[in-house]
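Structural overview for review
The lines below spell out each chain.
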Amino acid sequence: MVIEDPFLYLIIRIIGLYKFILIIYIIATWLINFNLLNTSNRFIFTTMGILYRLSEPSLKLVRRYIPSFGNVDISPIIVFIFLEFLQRFIIKYWPG
């Protein structure tokens, strides 16, 4: 699918970038929890700080309304599904 409108293209790319950041953040937190990444490394610490500040606001919003399932956090899945829905909704109903 070719997107002609430059503003629509920018919005879709930003949503796609945020989904990518969310996936990287989830994988990095798994690697830290399994002790495969060491947060005492300055690069890892800085990178995780950036990823945390970018992804946690949306995850906290979902966690506020979704009950906890023990140690399983489904908030990233819900945010990812919402972003996919938003992306498709914007493409379908964009004027023009």
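These remarks concern the structure in this document. (Residues numbered from 1 in each chain as written. Predicted model: local features only at pLDDT ≥ 70, side-chain atom pairs only at ≥ 80, totals over all residues. Heavy atoms only, no water.)

1. A short note on the packing of aromatic side chains
Think of a pair of aromatic rings as described by two things: how far the centres are apart, and how the planes are tilted against each other in angle. This is how it is decided: Ring pairs are drawn from Phe, Tyr and Trp, using the six-membered ring of Trp, whenever the two centres fall within 6.5 Å, and their geometry is named by plane angle: stacked under 30 degrees, edge-to-face over 60, tilted for the rest. Runs of E in the DSSP output that reach at least two residues are strands. Runs of H or I that reach at least four are helices, and both are numbered from the N terminus. Two conditions define a charge located above a ring, namely a distance within 6 Å from the ring centre to NZ of Lys or CZ of Arg, and an angle within 35 degrees of the ring normal.
Here the structure, examined in full by the defined rule, presents three aromatic pairs. Their ring planes at 40° and their centres at 5.9 Å tell us that Phe 7 and Trp 94 sit as a pair that is tilted. With Phe 7 in helix 1 (residues 6–33) and Trp 94 in the segment after helix 3 (75–93), the pair connects residues that are 87 residues apart, well separated along the chain. Among the aromatic residues, those joined into a cluster by ring pairs are Phe 85, Phe 89 and Tyr 93. Just above the ring of Phe 80 sits the side chain of Lys 19; from NZ or CZ to the centre is 5.4 Å.

2. Comments concerning a nonpolar patch on the surface
The line we're drawing: Like charges within 9 Å and nonpolar side chains (Val, Leu, Ile, Met, Phe, Trp, Tyr) within 5 Å are joined into patches, using only residues over 30% in relative accessible area that form no salt bridge. Shrake-Rupley sampling with a 1.4 Å probe provides the accessible areas, and residues are treated as covered by the protein chains on show and by no other component. Any carboxyl oxygen of Asp or Glu within 4 Å of a side-chain nitrogen of Lys or Arg constitutes a salt bridge here.
Residues Ile 23, Ile 27, Trp 30, Leu 31, Phe 34 and Leu 36 make up a contiguous nonpolar surface patch of about 630 Å² in total accessible area. As for its position among the elements, Leu 31 is in helix 1.

3. Looking at helix 2 (residues 42–65)
Selection criterion: In this scheme, a helix's expected span is set at 1.5 Å multiplied by one less than its residue total. In this scheme, the bend at a residue equals the angle between the axes fitted to the seven residues that finish there and the seven that begin there. Relative accessibility under 20% of the residue-type maximum defines a buried residue, over 50% an exposed one, and the middle range a partly exposed one, all with a 1.4 Å probe and only protein chains included. Contacts: residue pairs with any heavy atoms within 4.5 Å of one another. Distance and chemistry together define a polar contact, namely a pair of N or O atoms within 3.5 Å, with one atom able to donate a hydrogen and the other to accept it when in protein, and with adjacent residues in sequence counting only for side-chain atoms on both sides.
In this model helix 2 runs 34 Å from its N-terminal to its C-terminal C-alpha over 24 residues, within 8% of the 34 Å that 1.5 Å per residue would give. Along its length, helix 2 reaches its greatest deviation from straightness, about 45°, at Glu 56, and the proline Pro 57 lies no more than four positions downstream. Three or more residues of helix 2 are buried, namely Ile 44, Met 48, Gly 49, Leu 51, Ser 55, Glu 56, Ser 58, Leu 59 and Val 62. Contacts made by the buried residues of helix 2 are with helix 1 and helix 3. For helix 2, the N-terminal capping position is held by Asn 41, with its side-chain oxygen 3.0 Å away from the main-chain nitrogen of Phe 43.

4. Let's talk about helix 1
An α-helical turn contains 3.6 residues, so a residue and the one three or four places further along point in the same direction. With 28 residues, helix 1 extends 40 Å between its outermost C-alpha atoms, agreeing within 8% with the 40 Å of an ideal straight helix rising 1.5 Å per residue. Every buried residue of helix 1 is accounted for by Leu 8, Ile 12, Ile 15, Lys 19, Ile 21, Leu 22, Tyr 25, Ile 26 and Ala 28. Those residues of helix 1 hidden inside the fold are in contact with helix 2 and helix 3. Capping the start of helix 1, Asp 5 holds a side-chain oxygen 3.3 Å from the backbone nitrogen of Phe 7, two or three residues further along. Just downstream of helix 1, Asn 35 is the residue with a positive phi angle, here 60°.

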